[in-house]
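Here's the letter readout for the chains.
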Amino acid sequence: MGFDAYGLPAEQYAIQTGQHPAITTAENIKRYREQLDKIGFSFDWSREIETCDPGYYHWTQWAFIQMFNSYYCYDEQQARPIDELISVFEMQGTEGMNIACSEELSFTAEEWKAKSEKEQQEVLLNYRIAYRSETTVNWCQALGTVLANDEVINGLSERGGYPVEQRLMRQWSLRVSAYAQRLLDGLDTIDWSESLKETQRNWIGRSEGAEMQFSVKDSDVKFDIFTTRADTIFGVTFMVLAPESEYVSQVTTTEQKAEVDAYIDATKRRTERDRITNKKISGVFTGSYAINPLNGKEIPIWVADYVLAGYGTGAIMAVPGHDSRDYAFAKHFGLPIIPLIEGCDISEESFDAKEGIMMNSGFLNGLTVKEAIEKAREYVRDNNLGRIKINYRLRDAIFSRQRYWGEPFPVYYKDEMPYMIPLNKLPLELPDVDKFLPTETGEPPLGRATKWAWDTVNETVVETSRIDNKTIFQIELNTMPGFAGSSAYYLRYMDPKNDKELVAKDKVDYWGNVDLYIGGTEHATG
């Protein structure tokens, strides 16, 4: 039996009543136990787990440190120690590396060695499996925290019904996307129903295509787009940027700025899930034009909420003749629609089928769609207009909350860079605070702790007032999300009293995999 004891309900009750969430959590667990016993349910109570127990979240913190100290190697299809990557950088820089990263970097061994410690740590965050980055999140001002998609309903928090907006924040994330292909391949080896496997395949969302660069007219600005249909580039009649895209401010003209700003402000109040499922058409013209790299034509650049910043590059080339959402947008705003397939009827809807003979497509005319896709990709690559690329819908998991009642991160900050607390000093226990609300300056509730600094000499937690940023440093103020602790239940059940490791190998070998899982299929898609 596992009690997922950290989370918003206990904390909200603490905020309302002033009672420490540990007290109400313990009382509720006791009540659950009494009720389950009265019903007659038979559980092995010697394997009871509570995520808020320091003896348990010791291993949640341990797992986080393992991820921070690892990178993902595509050649090996596994996580590898970050020290190995550092050794490679010292010998050859980034040359020949095939590894997961936030952005493609290029430097020599000499350039690596010339970097300061802070610069090197910044580079390593680009590769670590647990990393910090600017991420668009569901921010609830009233609750003072980031919410997961399933904690937001119709733009309001599930808990309390408070407004939620999209905001760019620096967050801890887990590089789950690095495992996309491995997860896909693994589906072929397990005995699950085909419907469930297909749900996961769609969630992972593998797509092969081309990444191309478009220049903005009368500007030095260039941006990349990803498309699975490079063959349709002659049918592009407008470009669309996600409202969160950094390029929006760069391409918006003075005349259009007020209208664009108002649109972006309205979009902030909608979650990504809402934007995906809601088919209402909206958008705004930036006032700028991109140049089609194949035929040199000018293409108006719009901002619209049906394009998401987290998928692809956050920018698309819109081909309304052969994409239903682009078609609806073009019809709504009176934009041109060009047919690219001989005999196709686009008078009432787009022609989305990947079949037929190409037309209105320059050197692709007369080819079948399949032939045109391949030839267009080759043309893009051979003429240095972009590159062939595989994309996945699977996103990295946001892994921090601006709350009190959660697992503390075993992290302190030196020169604004994160460093890990030694493994032999875990668990790092949650400190006491006077209130469970954010501070008056907007910091998370842990900013109220009077004893929340790390002494690197004595390797212990000390008073915050002693921070000197020389040997004593600030500890992370965010806490881990609700799913952090419950992710390891299934392993800890096998060896719940082990204080030396998460689970012993002989216990895993004995108990093996779960024989039966009873729960909603929605758990298969995070």
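Residues numbered from 1 in each chain as written. Predicted model: local features only at pLDDT ≥ 70, side-chain atom pairs only at ≥ 80, totals over all residues. Heavy atoms only, no water.

What follows deals with the pairing of strand β10 (residues 206-216). Direction of pairing for β10 relative to strand β16 (residues 386-392): antiparallel, over a ladder of seven bridges. Residue pairing across strands places Ser207 opposite Asn391, the latter belonging to β16. Across six bridges, the pairing between β10 and strand β11 (residues 222-227) is antiparallel. Considered in β11, the bridge of Gln213 is made with Asp224. From the end of β10 to the start of β11, which pair antiparallel, there are five residues, and Asp218 there has a positive phi angle of about 55 degrees. In terms of strand pairing, β10 meets strand β13 (residues 284-291) through two bridges, oriented antiparallel. Residue pairing across strands places Ser215 opposite Ile291, the latter belonging to β13. (Pairing = 2+ DSSP bridges. Helix = DSSP H or I, 4+ residues; strand = E, 2+ residues; numbered from the N terminus.)

All buried positions along helix α12 (residues 324-333) are accounted for by Asp326, Tyr327, Phe329 and Ala330. Around the axis of α12, the buried residues are gathered within 165 degrees of arc, so they sit on the same side. As for α12, its buried residues are in contact with β12 (238-241), β14 (298-303) and β15 (315-318). Remark: Gly334 follows α12 within two positions and exhibits a positive phi of approximately 65 degrees. (Buried < 20%, exposed > 50% of the residue type's maximum accessible area, 1.4 Å probe, protein only. Arc of directions from axis to C-beta. Contact = heavy atoms within 4.5 Å.)

Another aspect to go through is a negative patch on the surface. Taken together, Asp323, Asp345, Glu348, Glu349 and Asp352 make up a surface patch of like negative charges. Within the secondary structure, Glu349 is located in the loop between α12 and α13 (369-382). The exposed category is assigned to Glu349, whose relative accessible area is 54%. (Patch = residues over 30% accessible without salt bridge, like charges linked within 9 Å, V, L, I, M, F, W, Y side chains within 5 Å. Areas by Shrake-Rupley, 256 points an atom, 1.4 Å probe, with all protein chains shown as cover. Salt bridge = Lys/Arg side-chain N within 4 Å of Asp/Glu carboxyl O. Lys, Arg positive; Asp, Glu negative; His and termini not counted. Charge placed at Lys NZ, Arg CZ, Asp CG, Glu CD.)

Residue Pro427 is bonded to the preceding Leu426 through a cis peptide linkage, with omega at 0 degrees. Locating Pro427 in the fold gives a position in the loop between β19 (417-420) and β20 (453-455). Its identity is not glycine, yet Asn360 carries a phi of approximately 50 degrees, on the positive side. Relative to the assigned elements, Asn360 resides in the loop between α12 and α13.

Here the focus is the environment of Asp323. Here Asp323 lies in the loop between β15 and α12. By relative accessible area, which is 31% here, Asp323 ends up partly exposed. For the pair Asp323 and Ala453, spaced 130 residues apart in the sequence, the C-alpha separation amounts to 54 Å. Sequence-distant contacts of Asp323, that is, excluding residues within four places in its chain, are made with Ser350 and Asp352. Of the polar contacts made by the side chain of Asp323, one reaches the backbone nitrogen of Asp326; its length is 3.0 Å. (Polar contact = N/O pair within 3.5 Å; in protein donor to acceptor, adjacent residues only side chain to side chain.)

It is worth stressing that arrangement in space is one thing and function is another; only the former is reported here.
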